[in-house]
Amino acid sequence: MTPTEEERFARVALTRVLEPGDEVAGRWLREAGAVEVMRRLSAGEERLDGATPVRWEGLRARAEKARPGQDLAVAQDTGMRFVCPGEAEWPVQLDDLGDARPVGLWVRGRPSLRIWALRSVAVVGARACTEYGAHMAAGLGAGLAERGWVVVSGGAYGVDGAAHRGALGAGGATVAVLACGVDRAYPRGHAELIRRIAEQGLLVGELPPGDHPTPSRFILRNRVIAALTRGCVVVEAAYRSGALATARSARELGRFTMGVPGPATSGLSAGVHELLRGDGVLVTDAAEIVELVGDMGELAPERRGPVVPRDLLSADAARVLAALPARGSASVREIALGAGTVVDEAVGRLYELRSLGFVERHGDGWQLTRQANVSVFPEGGGP
């Protein structure tokens, strides 16, 4: 149901009052509505169910300072907009969060969040990632963008930043879900990246203009990343990692969870490997991700090693070829014995192999050609 202007105004105010992911407050919104919740907080009436006296007073103090009209004016001046449940731009998959659903979202950027979220994948991982992790994240970001998928991450250092840059570099779409006001550049070292995302993609957050991040807000932000997307890919994560929290949220919400493997000795890949030992699916490139989260028929190419000439031989010819020594020659009788066949069959196969360039005859003996030696014994030696 489309929200009224009063409902929308109340939700703008409540982004100043309620912390992201507050399920008790989410129940108040579901049962009483945003207008009634804000009215009772502002009027100081009997507190709502589930709030202790101390907490209620804290929320009332915040409500007194809320200036929704001012926040909306600042948002308009800085190219932001407020999107709340029930509006056309609201991504309905966020409703899967239940009472932990955002009160609303502040959005910066031109595209429609709802449309972009329909084909989106989260790429998350360690802030202090290795060169390998950054390379993989950038490659996944670019590969997904080239396939028409939106890359969603948290705008942080490390894997997040690499994934965003990969998508931007490929001329694709990317969304950064921030744990602060979307008019702020955090971390400061990513000011230019966040500016580029705002111009080419979308910045999204639950917190009002100018609000600052806290450790708990980073963790709670992850549930939005998980709910917004079809699946979550983790690139490098230690056992204790916010990226793994995103993957757990994705799994609980019924989204696909994927991981990129790393060295078994790397602590930064230990969390990913634990994810893969559970319900996570191993992926190594964008095609494998799309095969999992995409539509029927969007399959990754079959993986196999290079085809060498000997792979095309019949089973009988391959046995005769294998019976020749790596060095020197052998008689037809010796070759037939080694191949487990009769002499006449061996002769026929030897002439077949000769026409294909695998063997050559020297008097009464047969030996491998230089080309065949490389093909049959690629490591450079015989048995």
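Quick caveat, the model's predicted, so the values are computed rather than measured. As a convention, each chain's residues are numbered from 1 in the sequence order in which they are written. For this predicted model, a pLDDT threshold of at least 70 governs which residues receive local features, and a threshold of 80 or more governs which side-chain atom pairs are given and counted, while totals over whole chains, interfaces and linings are taken from all residues. Each side-chain value is worked out from all heavy atoms of the structure, with water and hydrogens disregarded.

**What about the side chain of arginine 217?**
- Strands here are runs of E lasting at least two residues and helices are runs of H or I lasting at least four, both read from the DSSP assignment and numbered beginning at the N terminus. Along the chain, arginine 217 turns up in helix α10 (residues 215-228).
- In this structure the side chain of arginine 217 is engaged in a polar contact, spanning 2.7 Å, whose partner is the side chain of glutamate 19.
- Definition of a polar contact: a pair of N or O atoms within 3.5 Å, with one able to donate and the other able to accept a hydrogen when the atoms are protein atoms, and with sequence-neighbouring residues admitted only if both atoms are side-chain atoms. Here histidine 212 takes part through its backbone oxygen, which lies 2.5 Å from a polar atom of the side chain of arginine 217.
- With residues near it in sequence (within four places) discarded, arginine 217 still touches Glu19, Ala179, Leu207, Asp211 and His212. Here, residues are in contact when the closest pair of their heavy atoms is within 4.5 Å.

**Brief notes about the packing of helix α2 (residues 23-32) against helix α3 (residues 34-43)**
- Interaxial distance between α2 and α3 falls to 7 Å at its minimum, and their mutual angle equals 115 degrees. Here Trp28, Leu29 and Ala32 of α2 come into contact with α3, specifically with Ala34, Glu36 and Val37.
- Of the residues that constitute the contact of α2 with α3, the class distribution is 5 nonpolar, no polar and 1 charged. Axes here mean lines fitted to C-alpha atoms, for a helix over just the part in contact, with angles spanning 0 to 180 degrees between N-to-C directions. Each residue receives one of three labels: charged for Asp, Glu, Lys and Arg, nonpolar for Ala, Val, Leu, Ile, Met, Phe, Trp, Tyr, Cys and Pro, and polar for the others, Gly being one of them.

**Examining the UniProt feature "domain: Smf/DprA SLOG" (unreviewed entry) in the chain**
- UniProt positions are given in the numbering used here, feature names are shortened, and annotations may be inferred rather than shown by experiment. The sites that carry the UniProt feature "domain: Smf/DprA SLOG" (unreviewed entry) are, in the present numbering, residues 82-292.
- As annotated, residues 82-292 has a helix share of 40% and a strand share of 18%, and its two end C-alpha atoms lie 33 Å apart.

**Examining the packing of aromatic side chains**
- The rule is short: rings of Phe, Tyr and Trp, with Trp giving its six-membered ring, pair when the centres are within 6.5 Å, and they are stacked under 30 degrees, edge-to-face over 60, tilted in between. Tallied over the entire structure, the rule returns 4 aromatic pairs.
- Seen from their ring centres, tryptophan 28 and tryptophan 56 are 5.9 Å apart, and the 80 degrees between their planes marks the pair as edge-to-face. Placement of tryptophan 28 in helix α2 and of tryptophan 56 in helix α4 (residues 53-65) is noted, with a sequence separation of 28 residues between them. Of the two residues, tryptophan 28 and tryptophan 56, both sit in the buried class.
- Between tyrosine 351 and tryptophan 366 the ring centres are 5.0 Å apart and the planes differ by 80 degrees, which places this aromatic pair in the edge-to-face class. Of this pair, tyrosine 351 sits in helix α16 (residues 343-355) while tryptophan 366 sits in strand β12 (residues 365-368); the two residues are 15 residues apart in sequence, bridging distant segments of the chain.
- Only protein chains enter the accessibility calculation, which uses a 1.4 Å probe; a residue whose area is less than 20% of its type maximum is buried, one above 50% is exposed, and one in between is partly exposed. The exposure class of tyrosine 351 is partly exposed, given its relative accessible area of 36%.
- Residue placement shows arginine 127 over the ring face of phenylalanine 218; its charged tip is 5.3 Å from the ring centre. Counting as a charge over the ring demands two things of the Lys NZ or Arg CZ atom: a distance within 6 Å of the ring centre and an angle within 35 degrees of the ring normal.

**Notes on the pattern of salt bridges**
- What counts as a salt bridge is simple: a side-chain nitrogen of Lys or Arg found within 4 Å of a carboxyl oxygen of Asp or Glu. The full count for this structure, using the stated rule, is 25 salt bridges.
- We note a salt bridge from arginine 195 to glutamate 199, for which the minimum N-O separation is 2.6 Å. Linking arginine 195 with glutamate 199, this pair stays in helix α9 (residues 191-200), spanning 4 residues, or about one helical turn.
- The partner of glutamate 345 in a salt bridge is arginine 349, with the nearest N and O atoms 2.8 Å apart. Note that glutamate 345 and arginine 349 are positioned in helix α16 at a spacing of 4 residues, about one turn of the helix.
- Several salt bridges share partner residues, and in doing so they unite Asp316, Arg319, Glu345, Arg349 and Glu352 into one network.

**A look at the sheet that holds strand β2 (residues 105-108)**
- For two strands to count as paired, DSSP must find a minimum of two bridges between them. Strand order in the open sheet formed by 9 strands is β1-β2-β6-β5-β4-β3-β7-β8-β9, and the pairing between neighbours is mixed. At either end of the open sheet lies a strand with only one pairing partner, and these are β1 (80-83) and β9 (281-282).
- Where strand β7 (residues 231-235) and strand β8 (residues 256-260) come together, 5 bridges link them in parallel fashion. Residue valine 234 lies in a different strand from β8, and its bridge partner there is glycine 259.
- Here α10 sits on the sheet in contact with β3 (120-125), β4 (150-153) and β5 (174-178), set at roughly 150 degrees to β5.

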